[in-house]
Amino acid sequence: MGPREILNGLRAAHGEGIQRADIPSDTRLYLFVDRGALPSICRTVFRDLDARYVISIGADDRPYSGSFMVAHDFAFDRDHVLCSILADVPAENPTVPSITPDVPAASWAEREIRDLVGIEPEGHRYLKRLVLPDGWPEGVHPLRKDFAWDTVPEDYDEDRPFRFDDPPEGCTVVPFGPFHPTLDEPAHFRLYVEGEMVRGCEYRGFMAHRGIEKLAESVLGYNDIPFMAERICGICGCVHSVAYCQAVESAVGIKPPPRAELIRTVMLEIERLHSHLLWVGLACHIVGFDTLFMQSFRIREPLMWIAERICGNRKTYGLCLVGGVRHDITPEIADELRGVLGTLTSEWRDVVKAVSRDRNIQSRTEGIGVADPALVKEMGIIGPVARAAGVAMDVRKDHPYAAYDRVHFRVITASGCDVWSRVLVRMEEVFESVGIIQQCLDHLEPGPLQSPLDDMLPVGRIGLSSVEAPRGESHHFLITGENNRPRRWRVRAPTYQNLQGVPSMIRDQRLADMTIALGSIDPCFSCTDRLETVEIATGKLQMWSPEEIATLASPAPGVSTQEVHCR
Amino acid sequence: MSDWGLALRQVGIAAVNVLCVILAAPLAEGLLRKVTARIQSRQGPPIIQPYLDLMKLLGKEDVESGETPVMQRLAALLAPAAVLTAACMTPMGLRAPLGPWTDVVVLVYVITLCGISTLLAGLSAGSTYSLLGVSREMMAMMALEPILAVMLIAGSLQVGSLRLDDVLSGSVYGSGGFAWSGLILLCVMALAFQAMVQRMPYDTSEAETELMEGPIAEYSGPKLAMFKFAQMAKLVVYGGIAVGLFVPWGSDGPLWLAWPVFWLKLVALIIVVTLIAATHARVRIDQAVRRYGALLAVALVALVLAGMGK
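Residues numbered from 1 in each chain as written. Chains lettered and ligands numbered in written order. Predicted model: local features only at pLDDT ≥ 70, side-chain atom pairs only at ≥ 80, totals over all residues.

Q: Any chance you could explain the overall build of chain A here in plain terms?
A: Scanning chain A from terminus to terminus reveals 20 helices and 16 strands. A compact globule built from 567 residues would reach a C-alpha radius of gyration of about 24 Å, and chain A, at 23 Å, matches this within 12%. Dimensions of chain A, computed from the C-alpha atoms along their principal axes, are close to 70 × 65 × 50 Å. (Helix = DSSP H or I, 4+ residues; strand = E, 2+ residues; numbered from the N terminus. Rg over C-alpha atoms; globule rule 2.2 N^0.38 Å.)

Structure follows, in C-alpha cells:
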C-alpha cells in the first residue's frame, strides 16, 4: 500500500474532512484536514490502518497564514510511509479536539502543545503542565512567534515548587530523583509505594528545557542547526544531526551524494555501537555487576578513539551539513576501523557469553519492566523496547535513509517483553552494526561529499525524517522558512515516547526493580528535555593541528593516555 | 602462672588483636580493591588507599544531620566498638584472648550489636531510603544471625563447652575424628560468609544504585569514617571467626608459626570474597532472604546431627 492508496482509503471514509493532500514522494503523505475531523481521521489511521503514532506538533503560523497549526505524525511501518495530518487552528479560538482519548500515546505531545504554543486540546483528561514550570505565568507561550527567544516573563516565579497529585490511599511516596545515582540527569519520579511494591508514579521532568527549537526558529541558520541538533544529546548526537539534515533535504528535495550517505551510515553505526556497549555496561552496573560494566567500557574505548581519528572528537562528531558530510573516511582509516571492529567482535562475544551465563543477572531482569505488544502500540513505544516485545520495527528497515537500503542486516527481536529481552536484543544488535559498517566500507566509492546548495531553499515546505537511534526512533518535523532558517522544527527523541510507558512498566513491581526497569528503556532526559549541554573544560585555549589530534587518537604503545592528555 | 599474670597476658593479647584489626582492616580493603581492579582490567588504587580515605574523612567537618543527631553519633561509635570487642574474643594467631572469661553467647550478642548499629544509623536519619535500607538490614539480620549462632552452638555441643577458646578452634569437626555436621556447616559458611560481611552479591541494604547507601546515606566526615572502618574491620573479624571455627589447622603450633599462618589464611579468604564479589550481580532482597532461609534450614539439620554427635 503506497501513500496514494492510503489517501484513497481515507477519502472514502472521511471525504469532506480532508481538504487537500500532498504526496511529494512514495514515502511521504501530508494530509490537510478540518480541525474538527482530526480525532476521527486519527482514530482510523491509528486503529483501522494500524499506523504507529509518532508525535504531535503545534506551530504558530499566524505571521504567514494568520492561524495556528497542529500536526499529528504517524508512521505506516509495513508500507514504508511517514504521514503527517495537519489542521489549521484559527488565531482567535486556539482550541483543537484532543486525539488522546483515541490515541493514548499523544498525551504528552498535546500537553506540550498547550504549554508551548497555547493551543488547548479539548477533551484531554489530564491537562497538567508538562514542560513549563509551575511558576511560569498563565497565557505566556514561548513557542509563539511574538515571544522573543531571549525574554523571561516578569512575573515568572522561579522558586515555586511543583504541585503534585495526591498519592493513592495506603501508599507512601518515595521520591526518586532529580538526583539519584542511577539517574544521572534531572527528572523526578514520585513513586507511590506500598511496602516494597510500587503501585504507581507521577513524573515531573523537563527541568532542563533550554529552548533549542526556539533558537533554531529565531537565531540560527540552516547549516548552524546540525551542530546544535548534535548537542541535544551526548550519546546519540549524530542521530539528531542526521535527522535534522534529512528533514531539510526531504522538505526541499536535495539528495546527498552516495559517498556522504555511506559515511553517515558508518558514523551512525559507530554511534550505535558505543551506545549499546555503554548501555549494557550500565545495566550491569545497576544490578551491581561492576566487572562487566568495566569490561564493556574497556571494549568500547577503541571505538571512541577511531571516532576521534575520523572527525577529531570522541563524541559530537560535527559530521553533517544539509546535503552532505564534512568528514571523509580515508582508506587508512577504513583499514584501522576494520581492525577495531574485528577486536570488538571477538571481545564482545566473550561479554555476551558471560552475561548469558550469569544466573543472577537473569533472575534480576526476567519478568521485570514488562512492556507487552499492547502497551507498545498504545504508548507508541519504539526501539529495543518494542523489539524486545516481539514487534519487529526498525526505522532502518521500515523507512530506509542514508545507505541502509544498500546493506543487509537482521532486525533482532525477542519475545520476553522484559528487561532481559532488551539486554539480549541490544547485545545481539552490536554484531549487526559491525556487519553494516563493514558493508559500507566495502561500498565506499570515490565521489563528492556534498551536494551543491546554490539557491535559497524554498519556503513553507514540510519535511519529515526518522532515524533509528540506539534507543529507538528519533523523529524530526520541519517547515522551511524565511531568513535561511526553518519556521518550525520539532524534535521527538525516543525517550519521549518510551518514558510514557514507564508508569505501566513499573506498576506492581518491587522498588528494587525500579532502577533497572527505568534503566532498561535507556532514558535520555537531555533528549527529552531538549537540553543543550556545554562543557567548559579550562579557560585556556590551545590550538591543535590535525596531525597532533591524530597522534592523540592513537597513543604510541607504552605511552599511557594520561600522559598524552597532560602534554 | 598466677591468675593475675594470666589475666594480664590475655588482655595483652586482646590489645594486640585490636591493634592488628585497626591496622589490617584498611589493608584488607585495599587488597580487595586492588584484586577487583585487576579483574576489571583496571590499574586500581594503591593498596594503602583506604587509610588515606579514612584519614581524609576523619579530617572533615563533623556535620550534625538527620532527625536525631545524638542517636546518629551513638550509632557511628557503636559500630566500630562492637566489631573491635568481637576482635578481643576472636583467635587471631593465638587462642581466643578473652576465651576463659566469655562464651559464645556473648560473642553472638556482640555481633548482633554490629547490626543494631546499622539499624540505629538508618532510623536516626529518618529518610525514606535509609528506612528502606533498615527494613532490608533487619530481614537479613533475622536470617543471618541465627546461622552464625547455630554454627557456634553446634561447635559447643561437639566439644561440650561454651568457652570461646574451646569453640573457636575447629570445634565443629568434633573433639576427635571427624563429624559430618561440621562439613555441612562448612558448606553453609562458604555460602553465607559473603552475606555476613555484606559484600556483593549481598550488599542489599546499602545497594548504591538502588538505595543510595541506605542506612548510612546521611553520614559524612568522621562519623562516616567510623562506619566505613567498621565495615572493613567486619571482614577481618568475621574472617577470624570463620577461620577459627572451620580452618583451625596450624593454629596450635608455636607463635612464630601460628601467627603468620592465621593471617595467610585470612588473606586467602579475602581473595575468595573478592573474586565472588567481582563476578556476581546483586541479588534482590527477597531472593537473598529466601537463600538465607534455605541456609538456615540446612544449618539446623546440621545442628541436630551435631547433637547426635555425628
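So, next bit.
Q: What is the right way to read the overall build of chain B from this model?
A: If you tally the helices and strands in chain B, you get 11 helices and 0 strands. Start at the N end of chain B and walk to the C end: the helices and strands fall as α-α-α-α-α-α-α-α-α-α-α. By the compact-globule yardstick of 19 Å for 310 residues, chain B fits well, its C-alpha radius of gyration being 19 Å. The dimensions of chain B, computed from C-alpha atoms along their principal axes, are 55 × 45 × 40 Å. Summarising the internal contacts of chain B: among those between residues at least 6 apart in sequence, 79% fall at separations of at least 24. (Contact = placed C-beta atoms within 7 Å.)

Q: Can you walk me through the domain arrangement of chain A in this structure?
A: Accessible area lost upon the coming together of the parts serves often as the stated size of an interface. All names here are of chain A. For chain A, the assigned domains read domain 1 (3–161) and domain 2 (218–494). Of note, the centres of domain 1 and domain 2, computed from C-alpha atoms alone, are 27 Å apart. Elements that contribute at least two residues to the side of domain 1 that touches domain 2 include exactly β2 (28–33), β3 (52–60), β4 (67–76) and β5 (81–90). Per-element accounting of the side of domain 1 that touches domain 2 gives the leading share, 6 residues, to β3. Across the side of domain 1 that touches domain 2, the residue classes break down as 12 nonpolar, 3 polar and 4 charged. (Domains from an automatic or database assignment. Nonpolar A, V, L, I, M, F, W, Y, C, P; charged D, E, K, R; others polar.)

Q: It is not clear to me how the packing of helix α8 (residues 258–286) of chain A against helix α15 (residues 419–443) of chain A should be interpreted in this structure. Could you clarify?
A: When two helices pack together, their arrangement is given by the angle between the helix axes and the distance between those axes. Residues and elements named next belong to chain A. Where α8 contacts α15, the two axes come as close as 9 Å, and the packing angle between them is 155°. Considering the angle they form, α8 stands roughly antiparallel to α15. Judged by the sense of rotation from one axis to the other, the crossing of α8 with α15 is left-handed. Residue-level inspection shows Leu-262, Thr-265, Val-266, Glu-269, Ile-270, Arg-272, Leu-273, His-276, Leu-277, Trp-279, Val-280 and Ala-283 of α8 in contact with α15, the latter providing Val-423, Arg-426, Met-427, Glu-429, Val-430, Ser-433, Ile-436, Ile-437, Cys-440 and His-443. A per-class count over the contact of α8 with α15 returns 14 nonpolar, 4 polar and 4 charged. (Axes fitted to C-alpha atoms, helices over the stretch in contact; angles between N-to-C directions. Parallel < 35°, antiparallel > 145°, perpendicular 65-115°, else oblique. Left-handed = near helix turned anticlockwise from the far one by under 90°.)

Q: Any chance you could explain the nonpolar core here in plain terms?
A: Judged by nonpolar contacts, the single largest core of 267 residues is most densely connected at Ala-79, Val-83, Ile-147, Met-151 and Ala-233 of chain B. Broken down by element, this core gets its largest block of residues, 17 residues, from helix α9 (residues 221–246) of chain B. For this core, the two domains that each supply at least three residues are domain 1 (3–161) and domain 2 (218–494) of chain A. Residues contacting Ile-147 of chain B, with those up to four places away along its chain left out, are Val-188, Ala-192, Leu-295, Leu-296 and Ala-299 of chain B. (Core = buried A, V, L, I, M, F, W, Y, C linked by C-beta atoms within 7 Å. Buried ≥ 20, exposed ≤ 12 C-beta atoms within 10 Å, placed from the backbone.)

Q: How do you make sense of the sheet that holds β3 of chain A when you look at a structure like this?
A: Whenever strands of a sheet pair, they do so through backbone hydrogen bonds, lying parallel or antiparallel. All names here are of chain A. In spatial order, the strands read β1-β2-β5-β4-β3; together these 5 strands make up an open sheet with mixed pairing. Here the strands that pair on one side only, and so sit at the sheet edges, are β1 (18–25) and β3. The sheet shows a mean angle of 20° between the axes of neighbouring strands, direction not considered. Alignment of β2 against β5, held across 6 bridges, turns out to be parallel. By the bridge assignment, Leu-29 is partnered in β5 with Cys-83. Along the sheet face, helix α4 (residues 107–116) touches β3 and β4 and points at about 10° away from the line of β3. (Pairing = 2+ DSSP bridges.)

Q: Got a minute to help me understand the pairing of strand β10 (residues 197–204) of chain A in this structure?
A: Regular strands place their side chains on alternate faces of the sheet. All names here are of chain A. As paired strands, strand β9 (residues 188–194) and β10 are joined by 7 bridges and run antiparallel to one another. Across the sheet, residue Tyr-192 finds its bridge partner in β10, namely Gly-200. In sequence, β9 turns back onto β10 through a hairpin of 2 residues, with Gly-195 there showing a positive phi of about 65°. Two elements, β10 and strand β16 (residues 509–510), share 2 bridges in a ladder whose sense is antiparallel. Note that in β16 the partner of Val-198 across the bridge is Gln-509.

Q: Got a minute to help me understand the packing of helix α2 (residues 49–58) of chain B against α9 of chain B in this structure?
A: Residue and element names in this part refer to chain B. Two elements in contact, α2 and α9, have axes whose closest approach is 7 Å; the angle formed by their N-to-C orientations is 150°. Between α2 and α9, the crossing angle belongs to the class labelled roughly antiparallel. Only Gly-221, Pro-222, Leu-224, Ala-225, Lys-228, Phe-229 and Met-232 of α9 make contact with α2, whose side of the interface consists of Pro-50, Leu-54, Leu-57 and Leu-58. Class assignment of the residues belonging to the contact of α2 with α9 gives a composition of 9 nonpolar, 1 polar and 1 charged.

Q: How do you make sense of the environment of Trp-136 of chain A when you look at a structure like this?
A: All names here are of chain A. You can see Trp-136 is positioned in the loop between β7 (120–122) and β8 (172–176). Residue Trp-136 is classed as buried on the basis of its C-beta count, with 20 C-beta atoms lying within 10 Å. For the pair formed by Trp-136 and Asp-157, sequence separation is 21 residues and the distance between their alpha carbons is 6.4 Å.

Q: Help me out: how do you make sense of the pairing of β4 of chain A in this one?
A: Residue and element names in this part refer to chain A. Most of β4 sits inside the fold, with 9 of its 10 residues counted as buried. Across 8 bridges, the pairing between β3 and β4 is antiparallel. Along β4, the bridge assignment pairs Asp-60 with Phe-68. Relative to β5, β4 is paired through 10 bridges, and the arrangement is antiparallel. The partner of Phe-68 across the bridge, within β5, is Val-89. Where β4 folds back onto β5 in an antiparallel hairpin, the turn is made up of 4 residues, including His-80, whose phi is positive at roughly 60°.

Q: I tried to follow the sheet that holds β10 of chain A on my own but got confused; where do I start?
A: In space, the 4 strands of this open sheet follow the order β8-β9-β10-β16 (chain A), with antiparallel pairing throughout. Lying at the two open borders of the sheet, with one neighbouring strand each, are β8 and β16 of chain A.

Q: For this particular structure, what's the right way to read the interface of chain A and chain B?
A: Of the residues lining the interface, 25 residues belong to chain A; the matching set on chain B comes to 22 residues. Those elements that provide at least two residues to the side of chain A that touches chain B are β8, α8, α9 (290–311), α11 (359–365) and α17 (511–520) of chain A.

Q: Would you mind showing me how to read the environment of Arg-35 of chain A here?
A: All names here are of chain A. With respect to the helices, strands and loops of the structure, Arg-35 is situated in the loop between β2 and α2 (38–48). A tally of 21 C-beta atoms within 10 Å means that Arg-35 is categorised as buried. Separated by 17 residues in sequence, Arg-35 and Ile-18 have C-alpha atoms that sit 9.8 Å apart. What Arg-35 contacts, discounting residues up to four positions off in sequence, is Ala-87, Asp-88, Val-89 and Val-96.

Q: Can you help me understand the confidence of the model for chain A in this one?
A: The predicted coordinates should not be examined in detail at positions where pLDDT is low. Residues at a pLDDT of 70 or more form 92% of chain A, whose mean pLDDT is 87. Under a pLDDT of 50 for its full length, residues 555–567 of chain A has, in the predicted model, 4 contacts with residues more than four places off or in other chains. (pLDDT = per-residue confidence, 0-100.)

Q: So what exactly am I meant to see when it comes to unusual backbone geometry here?
A: Most peptide bonds adopt trans geometry, and most residues besides glycine take a negative phi value. Although it is not a glycine, His-80 of chain A adopts a positive phi angle of roughly 60°. Mapping His-80 of chain A onto the fold places it in the loop between β4 and β5.

Q: I tried to follow α9 of chain A on my own but got confused; where do I start?
A: Residues lying three or four places apart along an α-helix face the same way, a consequence of the helix completing one turn every 3.6 residues. Residues and elements named next belong to chain A. Taking 1.5 Å of rise per residue, the 22 residues of α9 would be expected to cover 32 Å, and the 31 Å separating its terminal C-alpha atoms lies within 8% of that figure. At Arg-300, α9 is deflected by roughly 30°, the largest bend along its length, and proline Pro-302 occurs up to four residues later in sequence. Downstream of α9 by one or two residues, Gly-312 has phi in the positive range, about 85°. (Expected span 1.5 Å × (residues − 1). Bend = angle between axes of the 7 residues up to and from the residue.)

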